[in-house]
Amino acid sequence: MRNKLFRLIKFLTIFLLFIFSNYNIAYSEGKVFRDINPISLKNFEIYEKNNVKISSNKIFLKNKYYLINFWATWCVPCKKELPDLTKIYNSLKNNKIKFYIISIDKKKIDEQLKYLKDNNIKELIPFFDTDLKIFNHLQLRGIPTTLMLNKNGYVVKKREGILKNDFKTIQEIKDFVN
């Protein structure tokens, strides 16, 4: 019993060290998004709200900026974040950035759309990555995760965790597109 307890404590210590060692300096400097090595979005098929597959090349066009949020209906922090994402979108809708939310949920798309409608999330454009193709390609670790794509179609900024509607967040997004 004592040996198992020791191994558990050792595992938890190593796990916590790993987590905190990956905590990016950008967050500790007060930035909302951290810069990442550019990642190209390959051409994937995901679902639109009408349950039809669409090529990601038709969604993410060059010469446009995108904010993409990965979420799911079972994710409590994601559900908390969606109203703030809507407020951020409304603050920035006249800027040069499109907002997409991509669900990684396994629920039927109709159920997910009902959740969005019931919670008044109507301005954000939903897509559905039920096979986790984009999620896995981008090597995302969890949700909610928000990414920003530059005009060349590369993911260059990342936020792991809840994105809050505050001045700092809005200013970083504005600075990104200007």
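Just so we're clear, the structure is a prediction, and the values are computed from it rather than from any experiment.

Draft legend 1. Structural detail: the layout of surface pockets. Put simply, the largest pocket is a space of about 150 Å³. Taken together, Ser40, Leu41, Lys42, Ser56, Asn57, Phe60, Leu61, Lys62, Leu149, Asn152, Gly153 and Tyr154 make up the lining of the largest pocket. Of the residues belonging to the lining of the largest pocket, the class tally is five nonpolar, five polar and two charged.

Draft legend 2. Representation of the packing of helix α4 (residues 76–92) against helix α7 (residues 167–177) within the structure. Between α4 and α7, the least distance of the axes is 11 Å, while the angle of their chain directions is 50°. In terms of orientation, α4 and α7 fall into the oblique class. Crossing of α4 over α7 shows right-handed handedness. Within the contact between the two elements, α4 uses Ile88, Ser91 and Leu92 and α7 uses Thr169, Ile170, Ile173 and Lys174.

Draft legend 3. Main features of empty space enclosed by the protein. Evaluation of the coordinates by the stated rule reveals one cavity of 30 Å³ or more. If you add up the space inside the largest cavity, you get close to 30 Å³. Taken together, Ile36, Ile39, Leu138, Leu140, Leu147, Val155 and Lys158 form the lining of the largest cavity. Elements supplying a minimum of two residues to the lining of the largest cavity: β1 (34–40) and β8 (154–160). Here the lining of the largest cavity is composed, by residue class, of six nonpolar, no polar and one charged.

Parameters and conventions
- Residues numbered from 1 in each chain as written.
- Predicted model: local features only at pLDDT ≥ 70, side-chain atom pairs only at ≥ 80, totals over all residues.
- Heavy atoms only, no water.
- 1 Å grid on protein atoms, 1.4 Å probe; cavity = no way out; pocket = protein on both sides within 12 Å on 5 of 7 lines; lining within 4 Å.
- Points joined across faces, edges and corners; volume = space filled by probe spheres on them.
- Nonpolar A, V, L, I, M, F, W, Y, C, P; charged D, E, K, R; others polar.
- Axes fitted to C-alpha atoms, helices over the stretch in contact; angles between N-to-C directions.
- Helix = DSSP H or I, 4+ residues; strand = E, 2+ residues; numbered from the N terminus.
- Parallel < 35°, antiparallel > 145°, perpendicular 65-115°, else oblique.
- Left-handed = near helix turned anticlockwise from the far one by under 90°.
- Contact = heavy atoms within 4.5 Å.

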